[in-house]
Amino acid sequence: MTREARLTIDTGALRHNVAILREAVAPAAVMAVVKANAYGHGAVDAALAFEEGGVDWLGVVDLDEAVALRRGGVSLPVLSWLHAPGETFERAVRFEITPAVSDLAQLEACAAAGVPAVHLCLDTGLSRNGAVESEWEALFDRAAILEQSGLLRVEGVMSHLSNTSPQEDGHQLASLVSAVGSLGERGVNPPLQHLAASAAALSYGVAGRLTLVRFGLALYGLSPFPDRTPEDLGIRPALTLSVPVIGVKAIPAGEGTSYGYTWRAPRDTRLALLPIGYADGIERIASNRASVLLGGRLCPVVGRIAMNAMTVDIGPDRGADSVAVSLGDEAVLFGDAAAGHPTAADWAEATGTIAYEVVARLSHRLPRRYT
Ligand SMILES: Cc1ncc(COP(=O)(O)O)c(C=O)c1O
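The protein carries the name Alanine racemase in an unreviewed UniProt entry, which gives Frondihabitans sucicola as its organism. Reading the Catalytic activity (unreviewed entry) entry of the UniProt record for the protein gives the comment "L-alanine = D-alanine".

Dropping the structure here:
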């Protein structure tokens, strides 16, 4: 019996999701966003599955993540869009990574390093990275000069939506389209124009998708919409988090469990001990709120989730509430609703967050197995 919690990632589901989403947004090209360890799925393995599934690009936050993909044997084009001040971009040349540049200094550094192609990252309203509109003229003028002198190609132009409302997203789209026009007036015509991530790509039709969409969450088989399940979208969750039972203990009515006795047994019952906790990326706030699938039943997480352990109520050892559990049985924290598992969305709802956070916070140290 292994003592360890484990993430099982169904690479067939990742490839299936590529096929479904690619068809949904055709003729736009597809970038798989594999930042944050591929939303907890394991960056290199997920990237290789997406590569096999036929995505056109991979997207990551920074050059560290991009270099890790190259070292793992990933050969697809990789875009990275968040850079530290003073970044020299020499690694971008060495590892054939395409930077998205957010300002003139980054553009100049790319040209100086000999980066062959960049995307221009524009802030159309998110107020995070990306050049703001007042900087566009200088950035576009310089990009045009660099391109005309053969020093560097502007292969793409990108922005990122706030997903606040269709109106506000529409303003951002209009702003990006006008930027593409201004670049065109300077003779710069980037073939890759991209703005939409999962939610926009699946909501806004062909105009909003431009020539490339950047899919993160949906490619992992999770829905970006509160009112549409993965099944509604035809996608399949790829990740299952399971953990073996390492202890079963009978406790009398009134007995508490874990720190602070935030839960006391309402009746004589049994607790199953699961070796997973907040050090593995399970939110402590899920204490007394979430459930796991064990012995064919949903069993509530009771008492405080600790650093490396949690307990679930499996009922008395006989009667209607009793769940048949033996040491070594697997409890599923979340996975695919179609298999009867609780989902990342269930955990998100129980803890007041979003499925993105539930998967992205899963610790790197959890063993990942690919099927
Ligand atoms: C710039 C950028 N593009 C695309 C994505 C993918 O978003 P989603 O997971 O909603 O598809 C992200 C994720 O936050 C992002 O930061």
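Next comes the rest of the description.
1. Some words on the pattern of salt bridges
Summed over all chains, the structure comprises 12 salt bridges. Asp 64 is the salt-bridge partner of Arg 91, the closest N and O atoms lying 2.7 Å from each other. Pair noted here: Arg 91 is in helix α5 (residues 90-94) and Asp 64 is in helix α4 (residues 63-71), with a separation of 27 residues, a long-range link.

2. Focus on the domain arrangement of the protein
The domain architecture assigned to the protein consists of domain 1 (10-220) and domain 2 (239-370). With centres defined by C-alpha atoms, the gap from domain 1 to domain 2 works out at 38 Å. The junction of domain 1 with domain 2 conceals about 940 Å² of combined surface from both sides, 64% of it contributed by carbon and sulfur atoms. Linking domain 1 with domain 2 are two residue pairs in polar contact (both at pLDDT 80 or more), by the criterion used here.

3. Concerning the site of the ligand
Close to the ligand lie Val 33, Lys 35, Tyr 39, Trp 81, His 160, Ala 197, Ser 198, Arg 214, Phe 215, Gly 216, Leu 217 and Tyr 356. Here an oxygen atom of the ligand sits 2.7 Å away from a polar atom, N or O, in the side chain of Lys 35. Residue Gly 216 places a main-chain N or O atom 2.8 Å away from an oxygen atom belonging to the ligand. Relative to its free-state accessible area of 390 Å², the ligand is covered by the protein chains to the extent of 90%. If you list the elements that add at least two residues to the shell around the ligand, you get α2 (35-39) and β9 (212-215). For the shell around the ligand, the per-class residue count stands at seven nonpolar, three polar and two charged.

4. Quick notes on the pairing of strand β3 (residues 57-60)
Side chains Trp 57 and Gly 59 project from β3 onto one buried face, and the interleaved Leu 58 and Val 60 project onto a second face that is buried too. By the bridge criterion, three bridges tie strand β2 (residues 29-33) to β3 in an arrangement that is parallel. Bridge pairing in β3 links Met 31 to Trp 57. Examined bridge by bridge, β3 and strand β4 (residues 78-80) share three bridges and lie parallel to one another. Bridge pairing links Val 60 to Ser 80 in β4. Running through α4, the crossover from β3 to the neighbouring parallel element β4 is right-handed.

5. Things to note about the nonpolar core
The nonpolar side chains of soluble globular proteins are, as a tendency, buried together. Membership of the largest hydrophobic core comes to 119 residues, with the highest contact counts inside it found for Phe 50, Leu 58, Leu 120 and Trp 347. In terms of residue count, the dominant contributor to this core is helix α7 (residues 133-148) (six residues). Two domains each put at least three residues into this core: domain 1 (10-220) and domain 2 (239-370). With near-sequence residues (within four places) excluded, Trp 347 lies in contact with Ile 282, Ala 286, Ala 290, Ser 291, Val 292, Val 301, Met 310, Leu 333, Phe 334, Pro 342 and Val 358. Formed by five residues, the second largest nonpolar core is a distinct cluster that contains Ile 251, Trp 263, Ala 265 and Leu 271.

6. Some remarks on unusual backbone geometry
With an omega of 10°, the peptide bond running from Ala 26 to Pro 27 counts as cis. Considering the arrangement of structural elements, one finds Pro 27 in the loop between α1 (11-25) and β2. Its identity as a non-glycine residue notwithstanding, Phe 89 has a phi of 65°, on the positive side.

7. Things to note about the packing of α7 against helix α8 (residues 166-185)
Close contact between α7 and α8 brings their axes to 11 Å; oriented N to C, the two are set at 25°. Judged by the angle between their axes, α7 and α8 are roughly parallel. Once α7 is placed against α8, the crossing between them reads as right-handed. When α7 is examined against α8, the residues Glu 133, Trp 136 and Phe 140 are found in contact with a partner set consisting of Ser 175, Ser 178, Ala 179, Ser 182 and Leu 183. Partitioning the contact of α7 with α8 into residue classes produces four nonpolar, three polar and one charged.

8. So, the UniProt feature "modified residue: N6-(pyridoxal phosphate)lysine" (unreviewed entry) in the protein
Per the UniProt record, "modified residue: N6-(pyridoxal phosphate)lysine" (unreviewed entry) is annotated on Lys 35. Looking at the secondary structure, you find Lys 35 in helix α2.

9. Points about the UniProt feature "binding site: substrate" (unreviewed entry) in the protein
According to UniProt, the feature "binding site: substrate" (unreviewed entry) maps to Arg 128 and Met 307 in the numbering used here. Spanning 180 residues, the named residues do not form one spatial group; their C-alpha atoms are separated by as much as 33.2 Å. Inspection of the secondary structure puts Arg 128 in the loop between β6 (117-121) and α7. The contacts of Arg 128, once residues within four sequence positions are left out, are Asp 123 and His 160. Position of Met 307 relative to the elements: it lies in the loop between β14 (297-302) and β15 (310-313). Sequence-distant contacts of Met 307, defined by excluding residues within four places in its chain, comprise Gly 277, Tyr 278, Ala 279 and Asp 280.

Scoring rules and cut-offs
- Residues numbered from 1 in each chain as written.
- Predicted model: local features only at pLDDT ≥ 70, side-chain atom pairs only at ≥ 80, totals over all residues.
- Heavy atoms only, no water.
- UniProt positions renumbered as here; feature names shortened; annotations may be inferred.
- Salt bridge = Lys/Arg side-chain N within 4 Å of Asp/Glu carboxyl O.
- Helix = DSSP H or I, 4+ residues; strand = E, 2+ residues; numbered from the N terminus.
- Domains from an automatic or database assignment.
- Buried area = accessible area lost by both parts, 1.4 Å probe.
- Polar contact = N/O pair within 3.5 Å; in protein donor to acceptor, adjacent residues only side chain to side chain.
- Near = heavy atom within 4 Å.
- Areas by Shrake-Rupley, 256 points an atom, 1.4 Å probe, with all protein chains shown as cover.
- Nonpolar A, V, L, I, M, F, W, Y, C, P; charged D, E, K, R; others polar.
- Buried < 20%, exposed > 50% of the residue type's maximum accessible area, 1.4 Å probe, protein only.
- Pairing = 2+ DSSP bridges.
- Right-handed = clockwise from strand over helix to strand, strands pointing away.
- Core = buried A, V, L, I, M, F, W, Y, C linked by side-chain atoms within 4.5 Å.
- Contact = heavy atoms within 4.5 Å.
- Axes fitted to C-alpha atoms, helices over the stretch in contact; angles between N-to-C directions.
- Parallel < 35°, antiparallel > 145°, perpendicular 65-115°, else oblique.
- Left-handed = near helix turned anticlockwise from the far one by under 90°.

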